[in-house]
Amino acid sequence: MSSPPAPPVTEQVRRAPAAPRPEAAELREASRCLVADGEGRRVPFAALYREQKAIVVFVRSFLCYTCKEYVEDLAKVPRSYLQEANVRLIVIGQSSYHHIKPFCSLTGYTHEMYVDPQREIYKTLGMKRGEGNNASVQSPHVKSSVLLGSIKSMWRAMTGPAFDFQGDPAQQGGTLILGPGNEVHFLHLDKNRLDHVPINTVLQLAGVKTVNFTNKPQIIDI
């Protein structure tokens with residue numbers, strides 16, 4: 001007598017987790033936190049996206065070479081592209097506001113920049129501290145090697161008016177697309193210093209024209 005057939009092997013297939021979104025309570029708490037501009041004037045975080053969609057990029061530290069090179073590419077986004085899409089582009093750091101103007105001058109960045117010196121928004125939105133595994137991560141906007149970039153950062157710290165890391169060196173950043181109002185269109189929390197979202201990806205998600213960040217001429221199909 002033949003044995004009964006073996007039961008079929010089944011395996012549960014799980015969906016990939018959706019991109020995280022801040023809880024309503026977290027965003028509400030963050031919205032009340034104050035950020036400062038280059039003159040030290042403080043405004044609620046919510047004021048940056050209440051009336052208009054905004055791309056908000058939180059950087060690790062103004063002294064970090066990866067952040068410097070990423071912001072140098074953000075500086076290449078034409079103001080006319082943002083105006084046409086009715087979108088604000090905002091960088092937020094975690095240093096004293098005194099560092100905003102020198103950092104803008106260093107990077108050529110002319111869009112909006114603020115600071116969250118106590119890292120209240122970073123903490124509320126769950127941005128991590130410490131370096132995750134960066135073996136498989138490479139930002140298309142970072143040109144320097146780890147060694148050369150670290151030397152440049154240390155030199156800037158040593159030659160500045162005060163030996164200042166311009167923020168917590170272990171703090172990671174992130175990118176959000178917010179507004180108008182409490183609408184959250186996109187959230188990415190960096191795992192390490194190279195885990196930046198490609199700028200053109202963020203621009204596309206926000207409805208802004210993309211930018212050619214290379215020196216190669218663009219080929220346009222007609």
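In what follows, the structure referred to is the one given above.
Residues numbered from 1 in each chain as written. Predicted model: local features only at pLDDT ≥ 70, side-chain atom pairs only at ≥ 80, totals over all residues. Heavy atoms only, no water.

Comments concerning helix H2 (residues 65-74)
- By the criterion of burial, H2 is predominantly enclosed, with nine of the ten residues buried.
- Buried within H2 are the following residues: Tyr65, Thr66, Cys67, Lys68, Glu69, Tyr70, Val71, Asp73 and Leu74. (Buried < 20%, exposed > 50% of the residue type's maximum accessible area, 1.4 Å probe, protein only. Helix = DSSP H or I, 4+ residues; strand = E, 2+ residues; numbered from the N terminus.)

Thoughts on empty space enclosed by the protein
- Enumeration over the complete set of coordinates arrives at two cavities of 30 Å³ or more.
- Taken as a whole, the largest cavity encloses approximately 50 Å³ of empty space.
- If you go around the largest cavity, the residues you meet are Ile55, Val57, Tyr70, Leu74, Val77, Leu89, Thr175, Ile199, Val202 and Leu203.
- Breaking the lining of the largest cavity down by element, the ones donating at least two residues are strand E3 (53-58), H2 and helix H7 (199-206).
- Among the elements that take part in the lining of the largest cavity, H7 stands out by supplying three residues, more than any other.
- The residue makeup of the lining of the largest cavity, split by class, is nine nonpolar, one polar and no charged.
- Considered as a void within the structure, the second largest cavity measures approximately 40 Å³ in volume.
- As for the second largest cavity, its lining consists of Val57, Phe58, Val59, Arg60, Cys67, Tyr70, Gly173, Asp190 and His196. (1 Å grid on protein atoms, 1.4 Å probe; cavity = no way out; pocket = protein on both sides within 12 Å on 5 of 7 lines; lining within 4 Å. Points joined across faces, edges and corners; volume = space filled by probe spheres on them. Nonpolar A, V, L, I, M, F, W, Y, C, P; charged D, E, K, R; others polar.)

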